[in-house]
Each structure stands twice: as structure tokens, then as C-alpha cells.
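Coordinate inspection notes
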Amino acid sequence: GVECVLFNEEYMTCTWGSRETLMANYSLYYWYENRSPVVECKHYLQDRGISIGCRLNQSEIIQFQPFHVLINASLGGRTLEIPSERMQLQDLVKPEAPVNLTIRNMSNNQLQLTWTSPYPKAQCLEHAVKYRSNKDTSWTEHQVKGDIFSLPSVDYEKYYTFYVRSKINSYCGSTQLWSEWSVPVVWGSNSTSKGTAEEQLHWFWIHTVLIPIASCLLLLVLVILLVRMERVWVILMPRIPNPSKNFDELFITHNGNFQEWAGVPKDVVESFKPNYSENICYVSELPPKESYEPLWESSNHPPSVMPGALAAPHEHSPYKNSYVGV
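Residues numbered from 1 in each chain as written. Predicted model: local features only at pLDDT ≥ 70, side-chain atom pairs only at ≥ 80, totals over all residues. Heavy atoms only, no water.

A few points about the overall build of the protein chain
This is how the line gets drawn: The helix and strand labels rest on DSSP assignments: H or I over at least four residues marks a helix, E over at least two residues marks a strand, and numbering proceeds from the N terminus. Using a 1.4 Å probe on the protein chains alone, a residue whose accessible area is under 20% of its type maximum counts as buried, one over 50% counts as exposed, and one in between counts as partly exposed. The contact rule is simple, with two residues in contact once any of their heavy atoms fall within 4.5 Å. Here the open area of atoms and residues is found with the Shrake-Rupley method and a 1.4 Å probe, where only the protein chains shown may cover a residue.
The number of helices and strands found in the protein chain is six helices and 17 strands. Residues counted as buried form 29% of the 326 residues belonging to the protein chain. A separation of at least 24 residues holds for 57% of the contacts in the protein chain among residues at least 6 apart in sequence. Within the structure as shown, the protein chain displays about 23,600 Å² of accessible surface, and the carbon and sulfur contribution to it stands at 56%.

Comments concerning the state of the cysteines
What counts, and what does not: We call a pair of cysteine sulfur atoms a disulfide whenever their separation is within 2.5 Å.
The final tally for this structure, using the stated rule, is three disulfides. What pairs with Cys4 in a disulfide is Cys14, and their sulfur atoms sit 2.1 Å apart. A torsion of 115° about the S-S bond marks the disulfide between Cys4 and Cys14 as right-handed. Of this pair, Cys4 sits in strand β1 (residues 3-7) while Cys14 sits in strand β2 (residues 11-15), and the two are 10 residues apart along the sequence. Assigned by exposure class, Cys4 and Cys14 land together as buried. Paired by a disulfide, Cys124 and Cys172 hold their sulfur atoms 2.0 Å apart. Between Cys124 and Cys172 the sulfur-sulfur dihedral comes to about -70°; the bridge is accordingly left-handed.

Points about the confidence of the model for the protein chain
Note the cut-off: Confidence scores labelled pLDDT are given residue by residue by the predictor and lie between 0 and 100.
Mean pLDDT over the protein chain works out to 77, with 66% of the residues at or above the 70 mark. Here residues 295-299 is modelled with pLDDT under 50, and outside its nearest four sequence neighbours on either side it reaches three contacts, counting other chains as well.

Considerations on the sheet that holds strand β12 (residues 110-116)
Under the convention used in this document: One bridge is not enough; two strands pair if DSSP finds at least two bridges between them. Fitted lines through C-alpha atoms serve as axes, helices being fitted only where they are in contact, and the angles separating the N-to-C directions of these axes extend from 0 to 180 degrees.
One open sheet accounts for three strands, arranged β11-β12-β15; its pairing is antiparallel. Every interior strand has two partners, whereas the edge strands, β11 (99-106) and β15 (148-151), have only one. Shown here is a sheet whose adjacent strand axes are inclined to one another by a mean of 20°, direction ignored. Direction of pairing for β11 relative to β12: antiparallel, over a ladder of six bridges. The residue of β12 that forms the bridge with Met106 is Gln110.

Comments concerning the pattern of salt bridges
Going by this rule: The salt bridge criterion pairs a side-chain nitrogen of Lys or Arg with a carboxyl oxygen of Asp or Glu, the two atoms within 4 Å.
For the structure on display, the rule yields five salt bridges. Two residues, Glu33 and Arg86, come together in a salt bridge whose shortest N-O distance is 3.3 Å. Highlighted residues: Glu33 in the loop between β3 (25-32) and β4 (39-40) and Arg86 in the loop between β8 (78-83) and β9 (87-88), separated in sequence by 53 residues. We classify Glu33 as partly exposed; its relative accessible area is 26%. Measuring nitrogen to oxygen at the nearest pair gives 2.9 Å for the salt bridge that ties Glu180 to Lys94.

Some thoughts on the side chain of Ser182
Tracing the chain through its elements places Ser182 in the loop between β16 (159-168) and β17 (185-188). Residue classification places Ser182 among the buried residues on the basis of a relative accessible area of 5%. Not counting residues within four places of it along the chain, the set of residues in contact with Ser182 comprises Ala97, Pro98, Leu101, Tyr163 and Val164.

As for the packing of aromatic side chains
Here a ring pair, both rings aromatic, is described through the centre-centre distance and the interplanar angle of the planes. This is how it is decided: In summary, the pairing rule links any two rings of Phe, Tyr or Trp, Trp by its six-membered ring, whose centres are within 6.5 Å, and it sorts them by plane angle into stacked for under 30 degrees, edge-to-face for over 60 and tilted for everything else. We call a charge positioned over a ring when the NZ of a Lys or the CZ of an Arg lies within 6 Å of the ring centre and within 35 degrees of the ring normal.
What the rule picks out here adds up to 10 aromatic pairs. Each ring, one from Phe7 and one from Tyr11, has its centre 5.2 Å from the other, and the planes form 20°; the classification is stacked. Summarising the aromatic geometry, the rings of Tyr30 and Phe67 are spaced 5.8 Å apart at their centres and angled 35° between planes, so their arrangement reads as tilted. Within this pair, whereas Tyr30 is found in strand β3, its partner Phe67 is found in strand β7 (residues 66-75), the two being separated by 37 residues in sequence. Seen from the ring of Tyr11, Arg55 lies directly overhead, with NZ or CZ sitting 4.1 Å from the centre.

Examining the nonpolar core
The cut-off we apply is this: We define the nonpolar core as a collection of buried residues of types Ala, Val, Leu, Ile, Met, Phe, Trp, Tyr and Cys that are connected through side-chain atoms lying within 4.5 Å of one another.
Grouped together as the largest cluster of nonpolar side chains are 27 residues, with contacts concentrated most on Cys4, Met12, Leu28, Phe67, Val69 and Leu89. Elements with a minimum of two residues in this core: β1, β2, β3, β6 (50-57) and β7. Among residues more than four places away in sequence, those in contact with Leu28 are Cys14, Trp16, Val39, Glu40, Cys41, Tyr44, Cys54, Val69, Leu70 and Ile71. In terms of nonpolar packing, the next biggest core, distinct from the first, is built from 16 residues, Leu111, Val144, Val154 and Val164 among them.

Listed below in C-alpha cells is the structure:
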């Protein structure tokens, strides 16, 4: 059989199986009773080359008109026609999930939950709200006619999670097709966020997407700076000074002559050279005492004492056998 769903009155899909269950080539034809000729599907839904459904755009949809579908299945040169039952499109509408969930703390421990729906005919909707606290083991669900739900009594020691979904009411159609559950909204003393669901999504994207991307970009910029900018290297990893290059000229050009390398004038260098001379001092050893003869015995004149001559050594002096003259 064929299953058709009108999504939020924006487009409709009609499906008839999956690739695993289909063995033939299928084509779809549709028409409105007493309204238009038979038309083949213009936008087939395929799964790996096998047609499994058809999509009808908003311009091809006419509500409150009986709708008919015919499926042709071709296999081995033979064609089988599979007609469907007549359908009412207003009974096939599946609204989009509610958005902008907002919780307000009213007086007397009362909470008020509001939302909006993307469905263009809000008067044709009814809603269901489900919630539970962090200490509950099951969900509590309530049917709501409008777009406001009040929770009369709350415990400030708990935190609560709320969901909302919608469907067409009995005044606009006969259907059991509920929308998907909305993004949750949380309230309470221990909740990680309060307010609208959009705000929760906003913080979710900041913490899980934006911050990691920004961190990676910052790290990449730092790596580029470290590789390309020598100044950063010098700041982060300063070089150890090497003074040997400053003395290359002293040892290579001036052969270690410090005065010449330092540029000291020659007259200053000459002024520091010593300009005095020292007399040579001769030292000799006298002959032994037995062979010692005074010089005056042979000459009959005592020798004159020379300036600076030393006195005769003391008897107990270690130098009693020697005379030193200058």
C-alpha cells in the first residue's frame, strides 16, 4: 500500500516500501477527483537506484479534495497496476514541532509554559505537554487546547524538563499524526539552563562548536607566529650571548696585540717602558782557610775597605769560610 503524509502543509510524500522489500520498478500517478487529469510523479524518492516514494510540492497539493494514487509495478516486461484508496489530505497533515518554549515563574509556586508553532493555522492545533522532575521515574502528559500550560505547584528543590508536540484538532481534520516532540526546556534550582529552548541551543553551540573551533584557530595562529616571526623566538627562547666574535679582530688582525687593538697611542706605550739600568753583581768563593794568605803580607799594605764590603763572618756563622764582595 501507499502511505501519504502532508508535512506542515508545505510538501507531501507518498511512500510504498524500501529497497529491501521492492523487487520491481515502480512509478506513481495521482489525480484529484473531478478536478484534474492523471499526472505522473515529478520528484521520485530513491534508495540506491530504486524508487521508494514520491514528493509533491506545495503547488501540487489541493486540500479538501479527494485524492487518488495509482502505482505501476514493472517486472520482466509485465506491468501491474496497484490502485490506492481515496484519501482526504486534511486528514494527512503532520504539523512541525513547536518552538520558542518559555517558562515563567508565577506567584504561589506556579510555572507557566508557553510556545509557538510553525504551522500556519494555529487555530487548527491541539497540543500535548509532558514533563517530569529529576526525582520522578515516569513522565506526566497533559492535553492542552491552547498554547499555554500551567503547572500549579512546583518544588524548588527539584528541576523539571518539559516537551511539547502538536496535531490537527477535530475541527480541521481527522488524524492521529502527531508532530515530533519539541526541543526540551528545563527549569529548577539545579538546572543547567533556564528560559527558552533557543537559548539552550545557543549555549550548546557555543560550548561544543564555537569554543573548540576558536581554540584550534588560536593554536594555529600561535604555531604560524612561532615558525615565521624570529622576534617571537627571541622573546620565548633567548639566545645565549657568544662574546668570542667580538675578539676576532684582536687575534686575527692584530695577532693578540691588545694595545694595538685597543688603539693606544705608541707614545703612551713607550712611556710605560722602564728607563733605568742595574749594575751587575759578581759573586765568587774564597779559597779554603789553610791556603788563605792575607793580601797585605805580600804587599805590606793592608787592603783598603771597599764601600759596601761585608764584615768578617761570625765564628758560628755558616758563611765563615766565604767572603762576598760587590
